[in-house]
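Fold and geometry: a report
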Amino acid sequence: MSNKLVSQAETQHRALKLRIYPTKEQEILINKTFGCCRQIYNNRLFERNEFYEKVIRPEPDKKKQKALWKKAHFSSEKEMKEKFPYLAEVSSQALCSATMFAEQAYKNFFSSIKGKRAGAAVGKPKFKSKKSHDFSYRECMNVGLNWSERTVKVPKLGKVRFRHSGNKKGKLDFFL
């Protein structure tokens, strides 16, 4: 079965871990992106937690709970950018991936409660902390990699110098 899936796939994606050397301006923009992604993720979790505690939990009927979830309106990325104008400074792809990760965390939580998720039970998603040192964001596109100049072109950042000693083959998904 897995051989069929591999043969039907158009492209194979590979992730590379690179050591980047940004300029001061790029470093500032990277830190802004970390903060904005953390804010988007935490706002998404906060909205869903509030909705769950105030609307879903008091409702005993499971069918009504499903209907309420379907009718729920959570703020869109566009509404968030209007509320917080500084979100427009950073890559929209990074914000979109933060939204996607928050959605997936909640889906995993509910499928775990229902017993539909394989593996260990998943607790309620936790908010991201500014004080932890595991900052990251994800760009959801192939980025331009120039091996001869040792630069990678990242949206909103431009060309950033990097160091890497591994394999140069294959396409690339970029993780910062």
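Quick note: structure is the one above.
All right, on to the overall build of the protein then. A tally of helices and strands in the protein yields 5 helices and 7 strands. Beginning at the N terminus, the succession of helices and strands in the protein can be written as α-β-β-α-α-α-α-β-β-β-β-β. Taken across its 176 residues, the protein has 34% of its residues classed as buried. Sequence separation of at least 24 residues holds for 66% of the intrachain contacts in the protein that already meet a minimum separation of 6. Of the roughly 12300 Å² of accessible surface on the protein, a fraction of 54% belongs to carbon and sulfur atoms.

The antiparallel open sheet is built from 4 strands, whose spatial order is E2-E6-E5-E4. The open sheet has two edge strands with one neighbour each: strand E2 (19-21) and strand E4 (144-146). Taken pair by pair, the neighbouring strands of this sheet meet at an average axis angle of 35 degrees, ignoring direction. Two strands pair when backbone bridges link them, and E2 and strand E6 (residues 158-163) are joined in this way by 3 bridges, in the antiparallel orientation. Along E6, the bridge assignment pairs Ile-20 with Phe-162.

So, on to unusual backbone geometry. Residues other than glycine seldom take positive phi values, yet Arg-150 does so here, at roughly 55 degrees. You can call Arg-150 partly exposed: its relative accessible area is 31%. Its identity is not glycine, yet Lys-156 carries a phi of approximately 70 degrees, on the positive side. Of note, Lys-156 is situated in the loop between strand E5 (151-154) and E6.

The next point concerns the pairing of E5. It is a general feature of regular strands that their side chains alternate between the two faces of the sheet. Inspection of the sheet shows E4 paired to E5 by 3 bridges, in the antiparallel sense. Among the inter-strand pairings, Gly-144 is bridged to a residue of E5, identified as Lys-153. Joining the antiparallel neighbours E4 and E5 is a turn of 4 residues, in which Arg-150 adopts a positive phi near 55 degrees.

Before going further, it helps to spend a moment on the pairing of E6. Bridge analysis of E5 against E6 gives 4 bridges, and the strand direction is antiparallel. Bridge pairing links Val-154 to Gly-158 in E6. Between the antiparallel neighbours E5 and E6 lie 3 residues, among them Lys-156 with a positive phi of about 70 degrees.

Thresholds, definitions, all that
- Residues numbered from 1 in each chain as written.
- Predicted model: local features only at pLDDT ≥ 70, side-chain atom pairs only at ≥ 80, totals over all residues.
- Heavy atoms only, no water.
- Helix = DSSP H or I, 4+ residues; strand = E, 2+ residues; numbered from the N terminus.
- Buried < 20%, exposed > 50% of the residue type's maximum accessible area, 1.4 Å probe, protein only.
- Contact = heavy atoms within 4.5 Å.
- Areas by Shrake-Rupley, 256 points an atom, 1.4 Å probe, with all protein chains shown as cover.
- Pairing = 2+ DSSP bridges.
- Axes fitted to C-alpha atoms, helices over the stretch in contact; angles between N-to-C directions.

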